[in-house]
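# Summary of structural features
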Amino acid sequence: MYSRKPFYLIVAALFLVGLALMLHRHFVYEVPWLPGEKRQIWSVEAKVEFEADGRPVKASLAIPGSQPGFTLMNESAASPGYGLSFVQAEDGGSRAEWSIRSASGHQELYYKVDMMLDPFAKGPLGNMPPQVTTVEVAEPYATAMDQVLTLAEARSSDGITFTRELLKELGSGGQNAELLAQYKTSGPLLVDMLHRAGVSARLLKGLQLEDGRRRQRLVDVVQVFDGERYDIFNPATGEQGRQESLLLWEYHSAPVLDLVGASNSRVSFSMLEQEQPVNVALAKKFDQPDWINVSLYNLPLEEQALFKGILLIPIGVLAVVFLRIIVGVKTSGTFMPVLIAMAFIQTSLLTGLVGFLLIVGTGLVLRSYLSHLNLLLVARISAVIIMVIGMIGFFSIVAYQLGLTEGMKITFFPMIILAWTIERMSVLWEEEGPKEVLKQGGGSLVVAVMAFLAMNNEFIRHLTFNFLGLQLIVMAAVLVLGNYTGYRLTELKRFKPLVDELKHD
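Residues numbered from 1 in each chain as written. Predicted model: local features only at pLDDT ≥ 70, side-chain atom pairs only at ≥ 80, totals over all residues. Heavy atoms only, no water.

On a plain count of helices and strands, the protein comes out with 16 helices and 12 strands. Referenced to the eigenvectors of the C-alpha coordinate spread, the extents of the protein come out at roughly 115 × 70 × 40 Å. Nonlocal contacts in the protein, meaning residues at least 24 apart in sequence, comprise 77% of its contacts between residues at least 6 apart. Of the roughly 27,000 Å² of accessible surface on the protein, 60% is carried by carbon and sulfur atoms. Computing the positive centroid from 43 side-chain charges and the negative centroid from 49, the protein places the two 9 Å apart. (Helix = DSSP H or I, 4+ residues; strand = E, 2+ residues; numbered from the N terminus. Contact = heavy atoms within 4.5 Å. Areas by Shrake-Rupley, 256 points an atom, 1.4 Å probe, with all protein chains shown as cover. Lys, Arg positive; Asp, Glu negative; His and termini not counted. Charge placed at Lys NZ, Arg CZ, Asp CG, Glu CD.)

Quick look at the structure:
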């Protein structure tokens, strides 16, 4: 007798691997368990304005990319008459560059980007400390700086805590703080003082996201390093840590706008919050293949639509296996109900049921005449296939003439399967009688409807398409059901006389 241990090990492995893949998709790639969820998308538009005086103009605008907290979804630009390119700068940042041979008067250029709020997003935010450069400071600002730095240094232990204490001193309203506030704005002042103290830091530009805001400006943010560790500080408010609604627009210490051939430039920002279905958002997020990200979103849309239907077949197969092995429902053909259920998805349930009964019923009548011709099997099946095609065409025309456009959907039925169903039922009618035909035909329809309800469920469709690991779990369930050797539920009625007898006793 063979040991069953390998079988159970295979089933357990399939289940655990499938479950692990599903959990990985959910926790690493943020794929939701339930359909209908939406993702928050921020549409930000940068408007570049300047005055041109007839010379060639070149405008280079720093643009954001995917970064911790945000994933770039779309970007576009509007600039009639200008040449436009998205280039990679030497410092690693991305820039939009407009150019034109000649322009005069007031000019407006637009750049739009859609960023998805994404706690799992990763990006090229620099974690290499910049070089510390000391700037010569005139008196009395130099003395004020040194006094403030001395107080902050005494109450700190590293670069991060030093920055925190320094911001407290600058926000204390003391005489030195008031004097230094006249020297520079808060962002550049903080960076200068940190460099003066030997702490590596860089000035970044961020955008505070607020729904419906217009003509907003970038705010200064300071990235402070302590070895390879860094933290973000808002020099204006003294807040430590990055805010969820803060989008870093420029994070390579480069100018936001570099303009040649024009003057009086200005950059302003408008923003709008919107929500997109999670499948749309994830399709855009995962358009770049990742070797560990086994996702159908990497495929072209046509193939995605194809797999959306194919991946439902194992669910229908599982329903057939359960109803046949556990419940004991008899069907005409093993997996014919699954194919009929697939047709129901295309036609809708009511239209599919009417069409199926109409074609099979008419086919049985016509097939009964073929029995008297004593044809060979292949020729007989071929004739039935031709009859099925003819019936589908005839009923489609009649439905169209009557204005019943829903009836034309019967063309989605698998013709070969219908032909074999008619052939099997006809043979069954001749050998077992009409009662067995009704039993197996009715069983097939019941199984097809149950499979349709399972396959057409929005939750099931969401899981099968977004979690490929579910296929392994379904396979494990099919193997377990295939190991069942007990009574079917429909067989239990045989014990009814015994139960009645025990009750009377």
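This structure, assessed with the given rule, holds 9 aromatic pairs. Measuring from ring centre to ring centre gives 5.3 Å for F7 and Y8, while their planes differ by 75 degrees; the resulting arrangement is edge-to-face. Looking at F7, the relative accessible area reads 18%, which means it is buried. Judged by centre distance (4.9 Å) and plane angle (15 degrees), the ring pair of W33 and F467 falls under stacked. A residue pair is termed long-range when its members are at least 10 positions apart, and W33 in the loop between helix 1 (5–29) and strand 1 (38–53) and F467 in the loop between helix 14 (458–466) and helix 15 (469–482) qualify at 434 residues. W33 gets classed as partly exposed once you look at its relative accessible area, which sits at 28%. Residue class for F467 comes out buried when judged on its relative accessible area of 0%. What links up through ring pairs into an aromatic cluster is the set F86, Y111, W249 and F269. Here K308 stacks its cationic end above the ring of F465, 5.2 Å away from the centre of that ring. (Phe/Tyr/Trp six-rings, centres within 6.5 Å; stacked < 30°, edge-to-face > 60°. Buried < 20%, exposed > 50% of the residue type's maximum accessible area, 1.4 Å probe, protein only. Lys NZ or Arg CZ within 6 Å of the ring centre and 35° of its normal.)

One can describe the packing of helix 8 (residues 313–327) onto helix 13 (residues 434–455) by two numbers: an axis separation of 9 Å at closest approach and a directional angle of 140 degrees. By the angle between their directions, the pair helix 8 and helix 13 is classed as oblique. When you trace helix 8 past helix 13, the crossing you get is right-handed. Contacts between helix 8 and helix 13 involve I313, I315, G316, A319, V320 and L323 from the first element and V447, M450, A451, A454 and M455 from the second. Taken together, the residues of the contact of helix 8 with helix 13 break down into 10 nonpolar, 1 polar and no charged. (Axes fitted to C-alpha atoms, helices over the stretch in contact; angles between N-to-C directions. Parallel < 35°, antiparallel > 145°, perpendicular 65-115°, else oblique. Left-handed = near helix turned anticlockwise from the far one by under 90°. Nonpolar A, V, L, I, M, F, W, Y, C, P; charged D, E, K, R; others polar.)

Membership of the largest hydrophobic core comes to 41 residues, with the highest contact counts inside it found for I340, F344, I359, V388, F413 and L418. Of all elements in the fold, only helix 1, helix 8, helix 9 (336–347), helix 10 (349–371), helix 11 (377–401), helix 12 (415–432), helix 13 and helix 15 reach the threshold of two or more residues within this core. For this core, the element with the most residues is helix 13, which contributes 7 residues. Ignoring sequence-local partners within four residues, the contact set of F344 consists of L349, G352, L353, F413, L445, A448, V449 and F452. Counting 33 residues, the second largest nonpolar core, distinct from the first, contains V57, M115, L209 and F269. (Core = buried A, V, L, I, M, F, W, Y, C linked by side-chain atoms within 4.5 Å.)

Time to look at the sheet that holds strand 2 (residues 57–63). Two pairing modes exist for strands in a sheet, parallel and antiparallel, and in both the strands are linked by backbone hydrogen bonds. Ordered by their spatial adjacency, 4 strands build an open sheet running 4-5-2-11, and the pairing between neighbours is antiparallel. Looking at which strands have only one partner, the edges of the open sheet turn out to be strand 4 (83–88) and strand 11 (257–260). The mean angle between the axes of side-by-side strands here comes to 15 degrees, regardless of whether they run parallel or antiparallel. Where strand 2 meets strand 5 (residues 94–100), 7 bridges bridge the pair, whose relative direction is antiparallel. The residue bridging K58 from the neighbouring strand is S99, located in strand 5. (Pairing = 2+ DSSP bridges.)

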